[in-house]
Amino acid sequence: LISNFSNMNVKVFPFNPLQENTYLIWDETGEAAVIDAGMLFDKEKERIKRFIEENQLTLKRVINTHLHFDHQFGNKFLHETYGIMPDAGAEDEFLLDSAHLVAKNWGIPYSESVQRPGNYITDNQIINFGNTSLIAMHTPGHSPGSFSLYCKEAGVVFVGDVLFNSSIGRTDFVKGDYATLIKSIEERLMTLPDETVVYCGHGPSTTIGYERQYNPFL
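Cut-offs used in this document
- Residues numbered from 1 in each chain as written.
- Predicted model: local features only at pLDDT ≥ 70, side-chain atom pairs only at ≥ 80, totals over all residues.
- Heavy atoms only, no water.
- Buried < 20%, exposed > 50% of the residue type's maximum accessible area, 1.4 Å probe, protein only.
- Helix = DSSP H or I, 4+ residues; strand = E, 2+ residues; numbered from the N terminus.
- Pairing = 2+ DSSP bridges.
- Patch = residues over 30% accessible without salt bridge, like charges linked within 9 Å, V, L, I, M, F, W, Y side chains within 5 Å.
- Areas by Shrake-Rupley, 256 points an atom, 1.4 Å probe, with all protein chains shown as cover.
- Salt bridge = Lys/Arg side-chain N within 4 Å of Asp/Glu carboxyl O.
- Expected span 1.5 Å × (residues − 1).
- Arc of directions from axis to C-beta.
- Contact = heavy atoms within 4.5 Å.
- Axes fitted to C-alpha atoms, helices over the stretch in contact; angles between N-to-C directions.

K.L.:
Break down the pairing of strand E2 (residues 9-15) for me, citing the residues and quoting the values.
P.N.:
Counting buried positions along E2 gives 5 out of 7 residues, so the element sits mostly inside the fold. As judged from the 3 bridges shared by strand E1 (residues 2-4) and E2, these two strands associate in the antiparallel manner. When the bridges of E2 are listed, Ser3 appears paired with Val10. Linkage of E1 to E2, two consecutive antiparallel strands, is achieved through a turn of 4 residues. Pairing of E2 with strand E3 (residues 20-26) involves 7 bridges; the strand directions are antiparallel. If you follow Asn9 over to E3, its bridge partner there is Trp26. Where E2 hands over to E3, the hairpin turn is made up of 4 residues, of which Asn16 adopts a positive phi near 60 degrees.

Pasting the structure below:
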C-alpha cells in the first residue's frame, strides 16, 4: 500500500522482529529517501531494493529519527548499496556502541557492523531531496537525539518512537526521560495542524488532531 499526498508518496515496510516501520518516501522527481532503515534480514533488504528498482527511484537520503538498534539495522546495507551515509542526531550516536549487545538481549541475531552517521541533524534543519523539504524538529525524551521530520507541503510528520497511535514512546531506555518526552510532544508536535498525518516508528499511523483529543498521556 502506497499513500499519496500532494507532493509525496509514502511506502511503509514493517521490518525486523520488532516490526519497526521503515519508510520509503519519494516525489514526482523520482528522488527518494529512507527514514529509519530497519531491514535486518536478506529478504527484507532485497524487498526494499527491488521496490526502488521497480519504481525507478533514485535514493538520495537515508535519515534516522533516532539510533535505537531496530531503527538502524539497514543503514550499512544502504550505504554499501547506494553509497549514502545516514543522517542522524549526534546525541544518539553513543547508542551504536551497544547495538549488538542490546539486540542480543532482545534475542535478535545481529552480527553486521554498525554504520556511523555521515551527517548530524540539527534542530530546524531543512533536509531536501527532489522537490521535497523536511523540517527536522528535535524531539528528545525517547532518546536524547530523537528528531521528528515534518513535511509541511504534504501535511505529514515522521516521529520515530516519540508518539504513537493513542500512546507515547518508552522512556525507560538509556538516557530516556519522561518529562522531556512530554515537553517535546506538547511543544513541537502538538503545535502542528490537526490534520497532519503522524507516521510512527511502530504500529499504525494517526493524526495530530486525534492524539490531541484522545491520547491518554497528553
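K.L.:
Outline a nonpolar patch on the surface, listing residues and values.
P.N.:
On the surface, Tyr178, Phe217 and Leu218 cluster together into a nonpolar patch covering about 280 Å² of accessible area. In this structure, Tyr178 sits in helix H5 (residues 178-189). Tyr178 gets classed as partly exposed once you look at its relative accessible area, which sits at 44%.

K.L.:
Just give me the short version of the pattern of salt bridges, but keep the residues and values in it.
P.N.:
Evaluated as defined, the whole model comprises 9 salt bridges. A salt bridge links Lys45 to Glu112, with the shortest nitrogen-to-oxygen separation between them at 3.3 Å. Note that Lys45 is positioned in helix H1 (residues 42-54) and Glu112 in the loop between helix H4 (99-105) and strand E7 (119-120), a separation of 67 residues in sequence. Close ionic contact of Glu53 with Lys49 constitutes a salt bridge, the shortest N to O distance being 2.9 Å. Taken as a pair, Glu53 and Lys49 lie in helix H1 at a separation of 4 residues, close to a single helical turn. A residue is classified by how much of its surface remains accessible, and Glu53, at 46% relative accessible area, is partly exposed. The structure contains a network of salt bridges with shared partners spanning Glu93, Asp97 and Arg116.

K.L.:
Can you tell me about the environment of Val102, naming the residues and giving the values?
P.N.:
Within the secondary structure, Val102 is located in helix H4. Here the alpha-carbon distance between Val102 and Phe69, two residues 33 residues apart in the chain, equals 7.4 Å.

K.L.:
Lay out H1 in plain terms, naming residues and giving numbers.
P.N.:
Counted at 1.5 Å a residue, the expected span for H1 with its 13 residues is 18 Å, and the 18 Å between its end C-alpha atoms agrees. Within the sequence span of H1, burial applies to Glu44, Lys45, Ile48, Phe51 and Ile52. Viewed along the axis of H1, the buried residues span an arc of 130 degrees, placing them on a single side of the element. Those residues of H1 that are exposed and angled more than 90 degrees off the buried face are Asp42, Lys43 and Glu54. Tucked into the core, H1 has its buried residues touching E1, E2, E3, strand E4 (31-35) and helix H3 (75-82). Just downstream of H1, Gln56 is the residue with a positive phi angle, here 55 degrees.

K.L.:
Could you give me a rundown of the sheet that holds strand E11 (residues 156-160), with the residues and numbers involved?
P.N.:
Picture the strands of a sheet paired through backbone hydrogen bonds; they go either parallel or antiparallel. Sheet architecture is open: 6 strands sit in the order E8-E9-E10-E11-E14-E15, paired in mixed fashion. Unpaired on one side and paired on the other, strand E8 (126-129) and strand E15 (206-207) mark the two borders of the sheet. Sheet topology note: the E8/strand E9 (residues 132-138) ladder contains 4 bridges and is antiparallel. Considered in E9, the bridge of Ile127 is made with Leu134. In the packing of H5 onto the sheet, contacts are made with E9, strand E10 (147-151) and E11, and the angle to E9 comes to roughly 140 degrees.

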